[in-house]
Amino acid sequence: MSSTRPLSGLTVVEIGHSVAAPYAGMILGELGAEVIKVENPKGGDPCRGWGPPFTGDTATAFYAFNRAKRGVTIDLADPAQVERLRALIRDRADVLIHNLKHGALDRYGLSADVLTAEKPSLVWCNLGAFGAIGPLRDRPGYDPMMQAYGGLMSLLGEDGRPPVRVGVSIIDIATGMWSVIGILAALQERQRTGRGGVVDTSLYETTLAWMALPISAYLANGEIPKRHGSGLEQIVPYQAFETADGFMMVAAGNDNLFRRLCAALGRPGLAEEARFRSNAERVVNRRDLIPILSDLFRTAPIAVWAERLDAAGIPYSPIQTIDQVVSDAQTAALGIIQRWSGSPALSLVGLPLSFDGTRPVFAKIAPGLGEDDADAFDRAP
């Protein structure tokens, strides 16, 4: 590829807030599209206030999800301003992204039916809470609700203890990613037909996609999965173990790796016991095996086990804290943490993509509220 901006020439209007739609817009912007973020002039995206920490007067979270965009304000309660937005979409937009409640844009004449009738080439992408159809389509939704309602939290933590959730907005971010996949597919189809269309995804559907393995397992055997902390229902051993000076994750994902793990632990005979010889047997006899391995791992520090597991080719990792991740040599080598060279000074995580060895650059910081009101609506199509 000759460029890290393969979407140059596309214009995206993002009527988004919080995480899911803004993250989708940011991906498209980082890949070269002109992304115009539309906010309410009375405070803008609530994510602007999600702090501390703040960078200046704006939450760092907003900067993390909204780089590579221009920013305009529109009061949807003002028909004249809505008409300006509608004209912007009609005259310039290739894609519209929104994550407002189901039917919210319909009230302002900005529905998919209306806008795609006016501009058949438009790709209209809806990032809903529960989906575009069904009895819950009108309900609002946030990432933690979906982790709960979609069953993900029923798998996290340990039996007998309160449920926990994934500590990052994994559903929001993945929904943004799914929307980008759908948008790019729709744009590819537009190349053939000249017509856009409607792309629907939702937080709930994304949660169900994350749950593909446990749901499939339940449909196969009718058993509700148990919670195994850092472990996995279908593979043993595949979890964190406490060592003499901290925890490390060990993933002996097949029988050969388990044999090598037992040798590295100084107990090669374990792998030959009938109850542990195959993964299926180890899953059944998890309660027998895990205490044995736990006792062995506690006898030495992480550095000792790291040397032995490296030599044996066993996948493992110390459980690093954020400061360790940021300063890690591999993180530095990838160059994925990118520093903004202007003001305000801040560093953010870039896209996890490179093209011919080059990562898209940090070219534009998140916009101020209404930063581009003066000229965004007046540019020629």
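Please refer to the structure higher up on the page.
One structure accompanies this document, and this report is about it.

Definitions and cut-offs
Residues numbered from 1 in each chain as written. Predicted model: local features only at pLDDT ≥ 70, side-chain atom pairs only at ≥ 80, totals over all residues. Heavy atoms only, no water. Helix = DSSP H or I, 4+ residues; strand = E, 2+ residues; numbered from the N terminus. Contact = heavy atoms within 4.5 Å. Polar contact = N/O pair within 3.5 Å; in protein donor to acceptor, adjacent residues only side chain to side chain. Pairing = 2+ DSSP bridges. Axes fitted to C-alpha atoms, helices over the stretch in contact; angles between N-to-C directions. Phe/Tyr/Trp six-rings, centres within 6.5 Å; stacked < 30°, edge-to-face > 60°. Buried < 20%, exposed > 50% of the residue type's maximum accessible area, 1.4 Å probe, protein only. Lys NZ or Arg CZ within 6 Å of the ring centre and 35° of its normal.

1. Looking at the environment of Thr 175
Along the chain, Thr 175 falls in helix H6 (residues 170-193). When the C-alpha atoms of Thr 175 and Thr 201 are compared, they prove to be 7.0 Å apart, with 26 residues separating the residues in sequence. Thr 175 has contacts with Ala 20, Leu 127, Thr 201, Ser 202, Leu 203 and Thr 206, leaving out every residue within four places of it along the chain. At a separation of 2.7 Å, a polar atom in the side chain of Thr 175 contacts the main-chain carbonyl oxygen of Ile 171. A distance of 3.0 Å separates a polar atom in the side chain of Thr 175 from a polar atom in the side chain of Thr 206.

2. A look at the sheet that holds strand S9 (residues 238-242)
With antiparallel pairing, three strands are arranged side by side in an open sheet as S9-S10-S11. Edge strands, defined here as strands with exactly one partner in the open sheet, are S9 and strand S11 (316-318). Strand-to-strand twist across the sheet, computed as the mean angle between neighbouring axes with direction ignored, equals 20°. With three bridges joining them, strand S10 (residues 247-251) and S11 adopt antiparallel strand pairing. Bridging from a neighbouring strand, Met 248 pairs with Pro 318 of S11. Most of the contacts of helix H11 (residues 286-297) go to S9, to which it runs at about 45°, and overall it touches S9 and S10. Those strands touched by helix H12 (residues 302-312) are S10 and S11, and its axis lies near 20° from that of S10.

3. Some remarks on the packing of aromatic side chains
Taken as a whole and assessed by the stated rule, the structure comprises seven aromatic pairs. Ring plane angle 75° and centroid distance 6.2 Å describe the contact between Tyr 23 and Phe 65, whose orientation is recorded as edge-to-face. Taken together, the residues Tyr 23 in helix H1 (residues 20-30) and Phe 65 in helix H2 (residues 60-65) connect sequence positions 42 residues apart. Each member of the pair Tyr 23 and Phe 65 is classed as buried. Where Phe 130 meets Tyr 149, the ring centres are 5.4 Å apart and the plane angle is 90°; that geometry is what we call edge-to-face. One end of the pair, Phe 130, is in the loop between strand S7 (123-128) and helix H5 (143-149); the other, Tyr 149, is in helix H5, and 19 residues separate them in sequence. Classification of Phe 130 by relative accessible area gives buried; the value is 8%. Chaining the aromatic ring pairs together yields one cluster made of Phe 130, Tyr 149 and Tyr 204. Residue placement shows Arg 67 over the ring face of Phe 362; its charged tip is 3.9 Å from the ring centre.

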